[in-house]
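# Analysis of the macromolecular model
Chain residues, written in single-letter form:
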Amino acid sequence: MGYRIVVAGATGNVGREMLNILHEREFPVDEIAVLASRRSLGTEVSFGDRTLKTQDLATFDFTGWDIALFAIGSDATKEFAPKAAKAGCVVIDNSSLYRYDPDVPLVVPEVNADAVMGYSKKNIIANPNCSTAQMVVALKPLHDRARIKRVVVSTYQSVSGAGKEGMDELWDQTKAVYNPVTEVPPKKFQKQIAFNVIPHIDVFLEDGSTKEEWKMVAETKKILDKSIKVTATCVRVPVFVGHGESINIETEEFLDEDEARDILRESPGIMVVDKREDGGYVTPIDCVGDYATFISRIRQDSTIDNGLNFWCVSDNLRKGAALNAVQIAEVFGQRVLKKG
Ligand SMILES: NC(=O)c1ccc[n+]([C@@H]2O[C@H](COP(=O)([O-])OP(=O)(O)OC[C@H]3O[C@@H](n4cnc5c(N)ncnc54)[C@H](OP(=O)(O)O)[C@@H]3O)[C@@H](O)[C@H]2O)c1
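Here the structure is a predicted model, which is why all the values come from computation and not from measurement. (Residues numbered from 1 in each chain as written. Predicted model: local features only at pLDDT ≥ 70, side-chain atom pairs only at ≥ 80, totals over all residues. Heavy atoms only, no water.)

Quick look at the overall build of the protein now. Secondary structure summary: the protein contains nine helices and 14 strands in total. The C-alpha atoms of the protein give a radius of gyration of 20 Å, which matches the 20 Å a tight globule of 340 residues would have. Viewed in the frame of its principal axes, the protein has a C-alpha envelope of about 60 × 55 × 40 Å. A separation threshold of at least 6 residues defines the contact pool for the protein, and within that pool the share at least 24 residues apart is 68%. For the protein, the computed accessible surface area is about 15,500 Å², with 49% contributed by carbon and sulfur atoms. Between the averaged position of the 41 positive side-chain charges in the protein and that of its 49 negative side-chain charges there is a distance of 5 Å. (Helix = DSSP H or I, 4+ residues; strand = E, 2+ residues; numbered from the N terminus. Rg over C-alpha atoms; globule rule 2.2 N^0.38 Å. Contact = heavy atoms within 4.5 Å. Areas by Shrake-Rupley, 256 points an atom, 1.4 Å probe, with all protein chains shown as cover. Lys, Arg positive; Asp, Glu negative; His and termini not counted. Charge placed at Lys NZ, Arg CZ, Asp CG, Glu CD.)

Structural data, given as structure tokens:
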């Protein structure tokens with residue numbers, strides 16, 4: 001006997017990847033329902049070689065469904081996640097709404113799979129921000145070995161992190177640069193994204209940082225260790241899929257770059273590609289469609305006693321969202337529901 005699964009936001013970037021990944025990983029699905037807004041009623045989406053018609057989330061009855069994977073943004077989640085949870089369907093949510101709620105576990109299975117067991121207070125499990133997910137996968141084994149004290153991270157985040165409208169804006173603006181008869185003013189992003197980079201993601205906070213930067217700080221503490229200090233600068237770049245991160249860590253104990261490379265090579269969810277030659281590293285385009293968090297450019301930071309620099313890349317729609325959510329569903333299925 002398998003699971004009755006709901007995918008809410010099935011017409012979106014993350015929802016479509018959820019369907020692909022459930023199929024690829026042969027998640028034991030007995031029945032699947034795909035939901036979106038009323039606007040998309042009847043829109044067809046693919047699940048393996050099947051075509052499914054989307055239903056309206058607003059009128060869907062969650063009674064009798066096991067797990068709902070939500071990828072619909074915070075506003076709609078606020079309205080519908082409690083309804084699903086109350087009906088006994090456990091919600092695995094991709095929005096930021098519940099991530100900082102002490103009664104909701106925030107889970108990256110390679111790092112804190114056991115936290116899943118805290119689901120029962122609200123029947124909800126949260127998925128982290130895409131930039132945090134790939135970073136904590138990389139930090140965890142290094143922290144276990146040498147205790148990380150401080151992280152300095154700068155992100156290079158693709159436009160798909162801003163949903164399908166973000167991808168359309170980059171596409172349309174890029175075409176308009178070559179064919180200036182049409183003008184495509186910034187809408188989803190604050191400035192032109194085509195042929196540009198924008199040091200601003202999500203809203204500004206009082207201290208001059210942005211909410212996206214704050215999320216990386218708060219989520220790393222909740223998932224990995226509350227004593228780790230994190231400072232982040234989040235930047236949007238004109239890449240369709242795949243987030244890059246330049247990460248500097250300071251550790252309590254000395255960690256040699258070769259040992260760090262060996263540790264990362266052995267760690268779950270990580271692929272090390274680190275040749276000190278032209279092209280001997282991973283770029284966002286290389287990681288699209290992959291499950292792994294890729295690490296390159298591992299090197300000592302000679303300006304401090306115990307410091308390392310490295311480059312971290314992952315598919316933000318996969319490890320940063322859909323894959324992580326499906327991995328949580330797998331852990332939850334194995335440890336709690338025990339079907340399939
Ligand atoms: N993209 C990433 O890298 C990433 C990473 C981590 C987390 N997330 C989070 O995942 C969520 C989805 O992101 P996305 O990139 O997939 O966005 P998207 O491409 O814009 O898709 C949004 C989806 O939500 C549905 N939706 C929106 N409002 C709805 C409503 N009121 N009722 C029912 N369905 C509604 C849309 O349905 P219609 O097509 O009918 O409008 C669509 O299926 C967001 O919370 C985002 O913050 C995204």
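Turning our attention to the site of the ligand. With respect to spatial proximity, 26 residues lie near the ligand, and among them Thr 11, Val 14, Ser 37, Arg 39 and Ser 40 are the closest. Contacts to the ligand include Gly 9, whose backbone N or O atom sits 3.2 Å from an oxygen atom. Out of a free accessible area of 900 Å², the ligand has 81% covered by protein chains. Going through the elements one at a time, helix H1 (13–24), helix H5 (163–178) and helix H9 (318–337) are the ones with two or more residues in the shell around the ligand. A class-by-class count of the residues in the shell around the ligand yields 10 nonpolar, 14 polar and two charged. (Near = heavy atom within 4 Å. Polar contact = N/O pair within 3.5 Å; in protein donor to acceptor, adjacent residues only side chain to side chain. Nonpolar A, V, L, I, M, F, W, Y, C, P; charged D, E, K, R; others polar.)

For the rest of this paragraph, the subject is the UniProt feature "binding site: NADP(+)" (unreviewed entry) in the protein. In the UniProt entry, the feature "binding site: NADP(+)" (unreviewed entry) is given for Thr 11, Gly 12, Asn 13, Val 14, Arg 39, Ser 40, Ser 160, Gly 161 and Asn 316. With a sequence span of 306 residues, these residues are also far apart in the fold, their greatest C-alpha distance being 25.9 Å. Looking at where Val 14 falls in the secondary structure, it is placed in helix H1. Apart from the residues within four sequence positions on either side, Val 14 is in contact with Ala 71, Asn 94, Leu 317, Ala 321 and Ala 322. Within the secondary structure, Arg 39 is located in the loop between strand E2 (29–36) and strand E3 (44–47). (UniProt positions renumbered as here; feature names shortened; annotations may be inferred.)

In this section: the pairing of strand E6 (residues 67–70). Burial of E6 is two-sided: the residues Ile 67 and Leu 69 facing one way and the residues Ala 68 and Phe 70 facing the other way are all buried. Here E6 runs beside strand E7 (residues 90–93); their pairing, made up of four bridges, is parallel. Bridging from a neighbouring strand, Ile 67 pairs with Val 90 of E7. Remark: the E6/helix H2 (residues 74–86)/E7 crossover connection has right-handed handedness. (Buried < 20%, exposed > 50% of the residue type's maximum accessible area, 1.4 Å probe, protein only. Pairing = 2+ DSSP bridges. Right-handed = clockwise from strand over helix to strand, strands pointing away.)

As a further point, take the environment of Ala 8. Turning to its location among the elements, Ala 8 is positioned in strand E1 (residues 3–8). Remark: the alpha-carbon pair of Ala 8 and Asp 56, spanning 48 residues in sequence, is separated by 9.3 Å.

Further remarks concern the sheet that holds E6. The sheet built from six strands is open, its strands ordered E5-E2-E1-E6-E7-E8 with parallel pairing. Two strands lie at the open edges of the sheet, namely strand E5 (55–56) and strand E8 (124–126), each paired on one side alone. In this sheet, E2 lies alongside E1 in parallel orientation, the contact comprising six bridges. Residue pairing in the sheet places Tyr 3 in a bridge with Val 29 of E2. Lying over the sheet, H1 contacts E1, E2 and E6, oriented at roughly 155° with respect to E1. H9 contacts E1, E6, E7 and E8 of the sheet and is inclined by roughly 165° relative to E6. (Axes fitted to C-alpha atoms, helices over the stretch in contact; angles between N-to-C directions.)

Here the focus is the state of the cysteines. Inspection of the entire model under this criterion finds zero disulfides. The thiol of Cys 234 is not disulfide-bonded; the next cysteine sulfur, from Cys 130, is found 9.0 Å away. (Disulfide = S-S within 2.5 Å.)

Turning to helix H4 (residues 130–146), a few remarks are in order. If you check H4, its first and last C-alpha atoms are 25 Å apart, about what 17 residues at 1.5 Å a residue would give, namely 24 Å. At Leu 139, H4 shows its maximal bend, which comes to roughly 30°, and the proline Pro 141 appears one to four places after that position. Within H4, 14 of the 17 residues are buried, which leaves it mostly tucked inside the rest of the structure. The N-capping residue of H4, defined by a side-chain oxygen 3.1 Å from the backbone nitrogen of Ser 131, is Asn 129. Immediately downstream of H4, the backbone of Arg 147 shows phi near 55°, a positive value. (Expected span 1.5 Å × (residues − 1). Bend = angle between axes of the 7 residues up to and from the residue.)

Turning next to the sheet that holds strand E13 (residues 293–300). To summarise the sheet geometry, strands pair through backbone hydrogen bonds and adopt either a parallel or an antiparallel arrangement. Spatial strand order, E10-E9-E11-E14-E13-E12: six strands in an open sheet with mixed pairing. Edge strands, defined here as strands with exactly one partner in the open sheet, are strand E10 (229–236) and strand E12 (270–272). Going from strand to strand, the sheet's axes swing by 20° on average, the running direction of each strand aside. Pairing geometry for E13 and strand E14 (residues 307–314), over six bridges, is antiparallel. Paired with Ile 295 across the strands is Cys 312, a residue of E14. Set on the sheet, helix H6 (residues 211–223) makes contact with strand E9 (148–157), E10 and strand E11 (243–251); between it and E10 the angle comes to about 140°.

In the numbering adopted here, UniProt assigns the feature "domain: Semialdehyde dehydrogenase NAD-binding" (unreviewed entry) to residues 4–119. End C-alpha atoms of residues 4–119 are separated by 18 Å, and the span's content is 25% helix alongside 27% strand.

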